[in-house]
Amino acid sequence: MHDDRNLVEARLKRVLDERIRPAVYPESVPLEVAVWHAPGEPVPVAEGLSAVPEPIAVGDRWGAPWGTSWFTVTGTVPAEWAGRSVEAILDLGFDENMPGFQCEGLVYRPDGTPVKGLNPRNQWIRVGAPVEGGEEVRLHIEAASNPVILDYHPFLPTTLGDKETAGTEPQYRLARMDLAVFDEAVWQLVIDLEVLGELMRELPVEGARRWEILRAVERALDAVDLQDVNGTAAAAREHLAGVLSTPAEPSAHRISAVGHAHIDSAWLWPLRETVRKVARTTSNMTALLEDEPDFVFAMSQAQQWAWVKEHRPEVWARVTKAVAAGRFVPTGGMWVESDTNMPGSEAMARQFVHGKRFFLDEFGIENDEVWLPDTFGFAAGLPQIIKAAGSKRLLTQKISWSQTNKFPHHTFLWEGIDGTRIFTHFPPVDTYNCSMKGSEIAHAARNFKDKGVARHSLAPTGWGDGGGGTTREMVAKAARLRDLEGSATVTWETPADFFAKAEAEYPNPPVWVGELYLELHRATLTSQAKTKQGNRRSESLLREAELWAATAAVRAGHPYPYEQLDRIWKTVLLHQFHDILPGSSIAWVHREAERTYAAVAEELDGVIDAAQRALAGDPASGGQLVFNSAPHARHGVAAGGAAGPVADSATDLRPRQGGGYVLDNGLLRVEIDEHGLVRSAYDLAAERESVAPGKAANLLQIHPDFPNMWDAWDVDEFYRNTVTDLVDADEVAPGDEPGSVRVVRSFGRSKVVQSLSLSGRRLDISTEVDWHETEKFLKLAFPLDVHAERYASESQYGHAHRATHTNTSWEAAKFEACNHRFVHMEEPGWGVALVNDSTYGHDVTRTVRASDSGTTTTLRVSLLRAPRFPDPETDQGVHRFRHALVPGATIGDAVREGYFINLPERRVPGDAEVAPLVTLDNDAVVVTAVKLADDGSGDVIVRFHEAHGGRAKAKLTAGFPVTGASATDLLERPIAQPRLEGDTISLTLRPFELVTLRLTR
Ligand SMILES: [Zn+2]
């Protein structure tokens, strides 16, 4: 037989596009349309409904960027439509390719009850099925004219990303506002033909199934009268019934479809718009659940649930009803789908505390799975946190975005730094926006790496990023794919049901040890420096606020600010969302974040100050107390205590031979040359030089930085090919502070002022940059005389190692990586650390010197970038960073100095020494939180972990009478009973083990 595939496939496409799809709505009448444009920000629903609208015609332009327009549509169902299905078609001017990235609407009845959201893939509102004829229709649309930021030519700089710069030019043209007859037989024929046409193209040409479908499609098309599609659709479907009813092969891949809408809590829209996006999507999904008995929808991010509850009570009522029926399910158990590289230990833990607690409080539901489909890589500290939160499974598909290496498993155990293993699934469909296309289903089955031992995978199904969710078309396709020859099978299931099956069929999955590094989006560790500083600063302030408020509550009966801390934590957690903390949102989001962090800092400073004053005794005593919030004693003040100040040892500053200055405090001798570069950092105790011979540390380097795509997200490896060393100084002179050297440089349109000084074994470097570059990357380099295979950088509740070499493509791909407070490298017996107060990105490279065959290991911290998308002004302006080089540092020194630089001492007038609430007798065991229990019982919660990567014995002693103690999970629920001897508990910790204790007073 002749091969006529191309002919039939082309025929199918044209007849579907030009005849069958248009026949879904065979008759229509226009609606009357009027509009009221809200003058500023969105208004309450009642105000939008009661505003007096003015007429507007289809074809008219509407919608200033970020505006809100309330449309009123009215009409009467024609009497002759009696007995037929009728829908309102409301097209605000949609581009069908951009659901969630353009204008959107939420439709209300006149009484204010929400009906459904409107987006390019969901433009219909049911009027009646069937109608009686003569019904009056009146609907209101709260339409958001969100501008298109990510256009067909992507990543072009735009001023549309902030209401303050976006202008007033209307963005959309009203397209269609009709009442229309909905012909369900034609709609079903469309779905039949789409499913079969898409499946057919994925099947092997050599197989009979492909040809059986082709011939059936041909017969169906023959049966369609192109002049009377509506009259012949049912007959055409009969020709397809046979090929649609043959069952799947027994070995077919099994897909658990989970209805989903990945909604970015902020990204190319501000936070306030996400509140509305969530309302639109949840309205659609509760409506779809009512229509489709098999469908199941899962929503993550407790914050988004809380927004619905707070802002849209009428939608919330529908959501809670669907939750009670078990079909609208909370998933994930985190406050938001956060970044997991940068959040600090406690913040990462609190994502789970606040997320899980919300679902427990609202619904009594605790789920086991962590849902992070879109997060940009996963720190190796996370498995232990997941377990400590009472969860045990993880889902993400983001690692499929890696540019270099293909991850070897789709279902596996992920092992973290402490040895905790978490059952993890990467959906092989490689998207969190599955739309049930044949190509997606076939890709999932083909791509699945664990074939032969496992058969199940998950497909998050529905429009996401900007919301939208699952459509009735996706549900209809899934129904046909339930058990269909040639296809993977598709069943609607909850994430929990999927994981139960996946675990049961795969008792010994492979193991992946260490971080799940995303080989893409590496610049998210640096972009939008002020957002990152705001996060780090807020995390430190929250630690201080909880510590001193708890201490003041126990010691002085000072009221503990439960609600205030709860609210601030949630604000900080929200801003760790995977497009806010990573710096990949529009200007509006980051401008607001900066203000929010400032308000958070002010409020927390108030909490800390009030608690410390309550503890400090008589302010008129003339005395002064130094409060030490760090987990290690400092200047004679106990960790978590306060005592009188001790004078620091003085630094000798003298001119250096050949120019520049020498700083010497008896522990460290640092030579700064006439260019302001550090030529030597000599550890006087170890008699050991830190800086590689012939090299200079504190070297600022600038690179061109124009990635191939995703400007704020990506730095491409070729950035390193071109570099300029900033060695010319405008000024190198003694600074205002005694024992400090000031260095001033100008370059491009920017200026840097640095201050270098000594503090104990630390060379402190504060850097102020007035940054006005474009598409540049600024690094601060430390070429060190260290020979090491690997180095450590701090992660949550410990640190992770990475190679200093690039033997394999896996190591080479990690050319920019994440640190928290420190990076540390060592030879046996001697190491060096670099600590920071707010930077996360770094790179480490190594070379071998010709002069002495020694190894130079160069550590560079990433200070600033200047991408132009999505925020065209990213990082412009003044920034302040603090770093410190710590020669001779052990890993323990790195941990300690990392805390010190982030938790400066606070001085308060008073005379009452403050004893710590808890003390630990082993420096390797580090306290990350001291607080009162969230349940208001007054119990003291202490969280700590082993920080050196070894085994540790420690005695914890409470500084107050303790009547009982329990070990708890992160949600402060008891899991074990430690032995209490008086006020002391003896402990043995595994490497990096995290422990939470509840101490009853
Ligand atoms: Zn996302």
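Residues numbered from 1 in each chain as written. Predicted model: local features only at pLDDT ≥ 70, side-chain atom pairs only at ≥ 80, totals over all residues. Heavy atoms only, no water.

Draft legend 1. Structural context of empty space enclosed by the protein. The full count for this structure, using the stated rule, is seven cavities of 30 Å³ or more. Quantified by volume, the largest cavity comes out at close to 240 Å³. What lines the largest cavity is a set of 21 residues, among which Gly344, Ser345, Glu346, Glu539 and Arg821 lie closest to the centre. A total of five residues in the lining of the largest cavity trace back to one element, the largest contributor, which is helix H15 (residues 529-556). Broken down by class, the residue content of the lining of the largest cavity amounts to seven nonpolar, six polar and eight charged. In this structure, the second largest cavity encloses a volume near 110 Å³. Lining the second largest cavity are 17 residues, with Asn341, Phe376, Tyr517, Leu518 and Leu525 positioned closest to its centre. Classifying every residue of the lining of the second largest cavity gives nine nonpolar, four polar and four charged. (1 Å grid on protein atoms, 1.4 Å probe; cavity = no way out; pocket = protein on both sides within 12 Å on 5 of 7 lines; lining within 4 Å. Points joined across faces, edges and corners; volume = space filled by probe spheres on them. Helix = DSSP H or I, 4+ residues; strand = E, 2+ residues; numbered from the N terminus. Nonpolar A, V, L, I, M, F, W, Y, C, P; charged D, E, K, R; others polar.)

Draft legend 2. Focus on the sheet that holds strand S30 (residues 699-704). Ordered in space as S31-S30-S36-S43-S42-S39, the six strands form an open sheet in which the pairing is antiparallel. Only two strands of the sheet have a single neighbouring strand rather than two, namely strand S31 (724-726) and strand S39 (817-818). Bridge analysis of S30 against S31 gives three bridges, and the strand direction is antiparallel. Considered in S31, the bridge of Gln701 is made with Asp725. (Pairing = 2+ DSSP bridges.)

Draft legend 3. Highlighting the coordination of the zinc ion. Ligation of the zinc ion by protein atoms is provided by His262 (NE2), Asp264 (OD), Asp374 (OD) and His578 (NE2), these donors lying 1.9 to 2.1 Å from the ion. Metal-centred angles of 90 to 157 degrees between the four donor atoms at the zinc ion mark the site as irregular. Along the chain, the residues donating to the zinc ion are arranged with the sequence spacing H-x1-D-x109-D-x203-H. Here His578 lies in the loop between helix H16 (562-574) and helix H17 (587-616) and Asp264 lies in the loop between strand S13 (254-259) and helix H7 (271-291), a separation of 314 residues in the sequence. (Donors = N, O, S within 2.8 Å, 3.2 Å for Na, K, Ca; no water. Tetrahedral: all angles 85-135°; square planar, octahedral: opposite > 155°, others 65-115°.)

Draft legend 4. The pairing of S13, seen in detail. Burial analysis of S13 places five of its six residues in the buried class, the great majority of the element. In this sheet, strand S20 (residues 456-461) lies alongside S13 in parallel orientation, the contact comprising six bridges. Following the sheet pairing, Arg254 is matched in S20 by His456. With four bridges joining them, S13 and strand S21 (residues 489-492) adopt parallel strand pairing. In the strand pairing of S21, Ser256 is matched with Thr491. (Buried < 20%, exposed > 50% of the residue type's maximum accessible area, 1.4 Å probe, protein only.)

Interpretation in functional terms is not warranted from these geometric data alone.
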